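Close look at the chain arrangement
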Amino acid sequence: MSERQDPDDRETDRQEKTQGAKDGARAAEEALATVGAAHPPGAPAASGAQDAEAAGSGTRAQDAEAAGSGAQTNTPASDGGGGKEHVQALGSGKGAGMDERGTTTPALRRQAALALVLLGIVIIAVAAFTTPWDVLTGGPPDPARDFTAAQIARGEAFDTATSLPSYLSLALTLIFAGVLVATPFGAKVLTWLRGPWWLRVILGTVVITAIVEALRWPLGMWFETILREYGLSTQDWAGWTADRLKSLGVETGLLCLMLLVLVALARKVRRWWIPAAAGAFAFTVAASFVYPVVFEPLFNDFTSMPQGTLRTNLLDMAARDGVPVKDVLVADASRRTTALNAYVSGFGATRRIVVYDTLLQAPQKEVELVVAHELGHAKYDDVLHGTLIGALGSAFGAILLYVIFDPLRRRTKVMSITDPRAVGALMGLMTIGGFLLGPAQNLISRHIEARADVHALDLTRDPATFIAMQKRLATTNISDLTPNAVEYVLYASHPSSPERIAMARAWARLNGVPLP
């Protein structure tokens, strides 16, 4: 459960790994994550949305995809397009069409570094204040108490099967990002591009994105094949391809917009990190706000939950919880996956609670408990807080680019950040930065998810149904019930199913409710 981790490449926690390759909506979210939008993800979710019933722990496939997106930007060469212009730029020490504002000085970088430190302190303070560090836990988990040996073995087998394509995709993405940052590869690939600077930024982004996607496409097909073998995917290849291309289009469009603004600011403003940081903050907030109504509909159809006892009980529960909910939406997830999930996305006027149509096959009390978890995210404004942290992180990234890019540009053989050929290096830095931030984001996310679990128990006072629901999610989504410690730290955005079950029993003891 969370505020939204959709399926395609980032969904349902462990599903993020299973559904991660599945749900297109999640793909859109990763696109937002690429440009620094709030997710899960971690600062709960890159797009300020959070997955609801993600049962499991691994998200490697998704991380690889998201990282890959970030590393997929390229940059053209000359500004007016001619080789002569490029030679002049080399001779003058400035990129084509740029002035001295495209470069930095030690004094300017020191100013930006000071702002970077101060903003870093603010981010740490906000994260510390909004994250429930003291949330209830249940002690060491015991998978064998609630799951059969066959179920545990199946989860381990699925994790093993998906690990190879996932790690290969991640390794490929990070290696390519390193090449873009540490060598002139990006600049050489993009040198042949012609036209005005803004056109070459766009074309460069498309070219680098195409290269990375071409390299990862076979791994994505491999991963999808595994999902089908385990019964988690219901898509045919046409639908899978359409979702992936649609996700790629959203991602590339957002990257082009972001890089165009960044380069334009660097060409006009000496201390471009100031407007760039403000713009990154505003863009992240705006993206998170419009995500439910602009991006989600590109991948799923949503309908109001039909009138009946379940809908009435859910709306009554929301009213009892003091969370204003006008409607509960149902997503047609079954056309992609058999996995179970629910989520909250957006904030303010765009906030909504969504359940997968696959979840409606579960007993009504379990569905109510899932939604109670989502109400916890809404009640504590988890999406808004995640968006705030993500927006501050985006601003931090913009300033960091100003501080470190000039020392790095010599390796990439570009004149300054205003050189359209620098787009490749920028995308490589974004990819590496996103990967390094992942563990911290997931640590925050796990605590937020645990608080939502406690909220669901406080609201329903039904630990027996909570445990039954967690078992259903884990077995249906084929969660890894004994996650590797390193993988858990690096990739798990939710507590494992055994951890959540142990917490429910601790809650029962604390509240004098019979132990299930």
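All values reported here derive from a predicted model rather than from experimental measurement.

So, about the packing of aromatic side chains. Applying the stated criterion to the full structure yields nine aromatic pairs. Centroid distance W237 to W240: 5.3 Å. Interplanar angle 85 degrees. Geometry classified as edge-to-face. One end of the pair, W237, and the other, W240, are both in helix α10 (residues 237–268), three residues apart, so they sit about a helical turn from each other. Here W240 falls in the buried class, since its relative accessible area comes to 3%. Each residue in the set W217, W237 and W240 is aromatic and connected to the rest through ring pairs, giving one cluster. In this arrangement the basic side chain of R228 is found over the ring face of W237, its NZ or CZ atom lying 3.9 Å from the centre. It is R352 that lies over the ring of F302; its NZ or CZ is 4.5 Å from the centre.

Its place among the elements puts V414 in the loop between α14 (382–412) and α15 (423–460). In this structure the C-alpha to C-alpha distance between V414 and A425, which are eleven residues apart in sequence, comes to 9.2 Å. With near-sequence residues (within four places) excluded, V414 lies in contact with A187, F405, R409, D419, R421 and A422.

Residues V328 and V330 of strand β3 (residues 328–331) are buried on one face, and the alternating residues L329 and A331, pointing to the opposite face, are buried as well. Inspection of the sheet shows strand β2 (residues 302–304) paired to β3 by three bridges, in the antiparallel sense. Note on β3: the bridge partner recorded for T303 is V330. Bridge analysis of β3 against strand β5 (residues 352–356) gives four bridges, and the strand direction is parallel. From the neighbouring strand, L329 faces β5, where its bridge partner is V354.

This brings us to the confidence of the model for the protein chain. For the protein chain, mean pLDDT is 83; residues scoring 70 or higher make up 80% of the total. Within the model, pLDDT remains below 50 along residues 1–49, and this stretch shows 310 contacts once partners closer than five positions in the same chain are excluded. Counted against residues more than four places away or in other chains, residues 52–100, with its pLDDT under 50, gives 224 contacts.

The subject of this paragraph is the pattern of salt bridges. Going through the model one piece at a time under the given rule, you end up with 16 salt bridges. One salt bridge in this structure joins R244 and E213, with 2.6 Å as the shortest N-O distance. Here the residue R244 occupies a position in helix α10, and E213 occupies one in helix α9 (residues 197–229), the gap between them amounting to 31 residues. Exposure remark for R244: the relative accessible area of 11% places this residue in the buried category. The salt bridge involving R352 is made with E296; its shortest N-O contact spans 2.6 Å.

Rules behind the numbers
Residues numbered from 1 in each chain as written. Predicted model: local features only at pLDDT ≥ 70, side-chain atom pairs only at ≥ 80, totals over all residues. Heavy atoms only, no water. Phe/Tyr/Trp six-rings, centres within 6.5 Å; stacked < 30°, edge-to-face > 60°. Helix = DSSP H or I, 4+ residues; strand = E, 2+ residues; numbered from the N terminus. Buried < 20%, exposed > 50% of the residue type's maximum accessible area, 1.4 Å probe, protein only. Lys NZ or Arg CZ within 6 Å of the ring centre and 35° of its normal. Contact = heavy atoms within 4.5 Å. Pairing = 2+ DSSP bridges. pLDDT = per-residue confidence, 0-100. Salt bridge = Lys/Arg side-chain N within 4 Å of Asp/Glu carboxyl O.

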